[in-house]
Amino acid sequence: MNQTVVSYLSQYEFYDVLLKLFGGNQGLLALTIYLLLGVAIIGMCATIGGLGTYAERKISADLQARIGPNRVGPYGLLQMLADGVKMMTKEDIMPFTADKMLFYLAPLLCLTGVFATLAVVPFSSGFIMADMNVGIFYLVAISSLVGVGVFLGGYASNSKWSMLGGMRGASQIISYEIPVTISLLAITLLAGGMGFGTIIGRQGGLPHQWFMFHNPFAFLATFVYFIGALAETNRAPFDLPEAESELVSGYHTEYTGMRFGFFALAEYIEVFVVCGVAAALFLGGYQIPGISIDILPLQAVQFVIFMTKTLMLYYVVIWIRWTLPRLRVDQLMSVCWKYLTPMAILNLVGCAIWMVAFDGQSIAEMILGGQH
Amino acid sequence: MFLQFLFISSAFLTIASAVAVLLTKNIMHSCVFLLASLIGVAGLYATLGADFVAVTQIMVYMGGVVILMLFAVMLTGGKDFISRAQNLLGLPASMGNRWTYGIGLIVGLVFLLTNIKLLMGITKSLPVKTITNEFPSTVNEIGHLLIKEHVLAFEISSVLLLGALVGAAIIARPRKQN
Amino acid sequence: MIPAQIDGLMPVVIFMGLAVLLFLGGHFASVLLAPKKPSHLKSTPYECGEQPVGSAWSMFNVRFYVVGLIFIIFDVESVLMFPVAAIFKEMVDMGQGGYALIILLSFVSVLLEGIAYCWRKGDLDWVKSFQHSLKKETK
């Protein structure tokens, strides 16, 4: 059955008190809880996205032996607020040749696709908005809206840079979806389910219980997933759709003010979601080492563990961006179709054979199981 | 309550955007309306409790087919997306002349009659199923069916897809200029 | 307990609704705060300061379409494999792992055959080697 944050809360006594407060109307109470938590999650993710821009500049400055933003607030921490205000007070310019309807629609599609993925991100065992049975499959599917948004953004601007960026972006996003999906298939195979709860429940808190170290193929699948996910979020070294030195700013060249802000926000939140999914699927997610009981205060610990893993991956993403040079378009496509996709299929086959040959045991289980 | 809301809004989205696909004169806009219509269909599947089918609809149609259509439109390029020619009814000429409408009418009538005949049979023979609010997972059921009862169809579909892949590759291959 | 009808679907709809709300709110704020001084030159498409020549909506290379076609086929294959992968562990636990493995392997091998064919024939190359295919046809 699908588990949601409401059905998790309903096992505690204060839920009944709340229910009485709402006059026994369960639908209304559920709606209120979902709305409050949804706003909270979006607020949190927007903050993380804002901090992401700050972290990006600070880390890049660090890697290039510069200082980075340090004027606004202590250590330049309020830079993101200044950026946000600036975004809102910029004039909205639309090229007169643009397709007006699609020009408005494109950032909305990106934003909707990314926000909808937040519904299944597992922050802790209870605090997952909807632990659907089709969890990761849903996540891959709904995030493909971003590809349509990127393409339409490029098309609607009616600018040559935008158009090139949009075409490249859409073809890159759909190409890299294949290795990502097949890597996720390998993990589905190991876990025996597509829901995030099932997948994380099959792992443990300690590294040797993670799916990353389950078998050699899963180890490879981790990297295939991560590289593919980087490309899907248009991050360097796969930032061809917005390559500054070739395409000015790619598909959002003509976007100013808030509409550009929505594209940027969607991108940063998507990076966060992708890192969160990698942490959940391969790095044990919110599992606390050694503790398997489930009480309410431990949810906070689980949340902290999940966020730590996710933000560490976020750091890796930024680190990669400022270390590696950009790929060429033909290299980009050959990396996807000639290296990542065959490797992902190999991983899938390998994981299936491993499951049958060793009865679903991981390497660590086999070694530790042999001792007694 | 929520289910009714979801059903009505999905149905409205599906039908309204489908009509908009027909009425708009800009081919890019009709692609986008088609996207909205397909989202509505996914919503309808979701209200029926078919979670896997709903997500498949999103994955294949929204993520794949619509983008492919957009690419296909970009193959033609140019500003001539917007068709200004009109037929007798004042609709875009690309929607057909009187012959296409006539044939469409006949096909639609036959289809409608067949469906009524089929549906009559079903309603008579099957007991009316009470609608429950239980949505068990459809994924495991589909998996078991694919791997046991319908394993031949499952394997043959892979051959079908192989054929489609080879065909797509051959069509798009650069050819010698004549 | 919670009625099952709100399981899973409601958060999705709420998040989508919040995205639309945020979008409208952002636009509203921008209407209130942003200056409005439109001019013709300002709203020309950016072309590095030059006068834009022609429209950007031009014919694009067919290679994007090919990528889209190959993508859809792999997409459908992975959709078909997802339910099988989801019950794979169950099958292994029931002792029918070998059977499931054979089914999955034969499915994947057909998929691999397709990608091998495309690779061999050069359909996966972004820059198509025209000379290569020309030589073959003249032979």
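The shown structure was predicted, so the numbers you read here are calculated from the model rather than taken from an experiment.

How do you make sense of the overall build of chain C when you look at a structure like this?
Across its full length, chain C carries four helices and zero strands. Along the chain direction, N to C, the helices and strands of chain C fall in the order α-α-α-α. In chain C, buried positions account for 40% of the 139 residues.

I'm lost on the environment of Thr-323 of chain A in this one. Help?
All names here are of chain A. Looking at where Thr-323 falls in the secondary structure, it is placed in the loop between helix 13 (296-321) and helix 14 (329-357). With 11 C-beta atoms packed within 10 Å, Thr-323 lands in the exposed category. Taking C-alpha positions, Thr-323 is 35 Å from Pro-95, a pair spaced 228 residues apart along the chain.

Which parts of the structure should I look at to understand unusual backbone geometry?
Leave glycine aside and you will find that most residues have negative phi; peptide bonds, for their part, are mostly trans. Residue and element names in this part refer to chain A. Of note, Ala-65 is a non-glycine position whose phi angle comes to about 55 degrees, a positive value. Along the chain, the position of Ala-65 falls in the loop between helix 3 (26-63) and helix 4 (79-88). Judged by the 6 C-beta atoms lying within 10 Å of it, Ala-65 is exposed. Located in the positive-phi region is Asn-158, a residue other than glycine, with phi close to 55 degrees. Relative to the assigned elements, Asn-158 resides in the loop between helix 7 (145-157) and helix 8 (160-191). What makes Asn-158 buried here is the crowd of 22 C-beta atoms within 10 Å.

Help me out: how do you make sense of the interface of chain B and chain C in this one?
The accessible area lost on association of the parts is a frequent measure of interface size. In this assembly, 48 residues from chain B lie in contact with 49 residues from chain C. Among the elements that make up the side of chain B that touches chain C, the one with the highest residue count is helix 3 (residues 51-76) of chain B (14 residues). Of the residues contributing to the side of chain B that touches chain C, the split by class is 31 nonpolar, twelve polar and five charged.

Quick question: what am I supposed to make of the interface of chain A and chain C here?
On the chain C side, the residues contacting the 79 residues of chain A number 63 residues. If you list the elements that add at least two residues to the side of chain A that touches chain C, you get helix 1 (5-9), helix 3, helix 5 (100-117), helix 8, helix 12 (257-282) and helix 14 of chain A. Take the side of chain A that touches chain C: its biggest share by element is 15 residues, from helix 14 of chain A. Looking at the side of chain A that touches chain C residue by residue, the class counts come to 45 nonpolar, 26 polar and eight charged.

How should I be thinking about the nonpolar core in this particular structure?
Most often, soluble globular proteins keep nonpolar side chains buried together rather than apart. Formed by 197 residues in total, the largest nonpolar core has its most connected members in Cys-110, Leu-152, Ala-186, Ala-278 and Cys-351 of chain A together with Ile-70 and Phe-88 of chain C. Counting only domains with at least three residues in this core, you end up with domain 1 (2-135) and domain 2 (137-178) of chain B. For Ala-278 of chain A, the residues in contact, after removing those within four places along its chain, are Tyr-225, Phe-226, Ala-229, Leu-283 and Leu-313 of chain A.

Even after reading the chapter, I still don't get helix 5 (residues 139-147) of chain B, so can you show me in this structure?
Owing to its 3.6 residues per turn, the α-helix aligns residues three or four sequence positions apart on the same side. All of the buried residues in helix 5 of chain B are Val-139, Ile-142, Gly-143, Leu-146 and Ile-147 of chain B. Here the buried residues of helix 5 of chain B occupy an arc of 120 degrees about the axis, which is enough to place them on one side. Close packing links the buried residues of helix 5 of chain B with helix 3 and helix 6 (151-171) of chain B together with helix 2 (63-93) and helix 3 (97-120) of chain C.

Thresholds, definitions, all that
- Residues numbered from 1 in each chain as written.
- Chains lettered and ligands numbered in written order.
- Predicted model: local features only at pLDDT ≥ 70, side-chain atom pairs only at ≥ 80, totals over all residues.
- Helix = DSSP H or I, 4+ residues; strand = E, 2+ residues; numbered from the N terminus.
- Buried ≥ 20, exposed ≤ 12 C-beta atoms within 10 Å, placed from the backbone.
- Contact = placed C-beta atoms within 7 Å.
- Nonpolar A, V, L, I, M, F, W, Y, C, P; charged D, E, K, R; others polar.
- Core = buried A, V, L, I, M, F, W, Y, C linked by C-beta atoms within 7 Å.
- Domains from an automatic or database assignment.
- Arc of directions from axis to C-beta.

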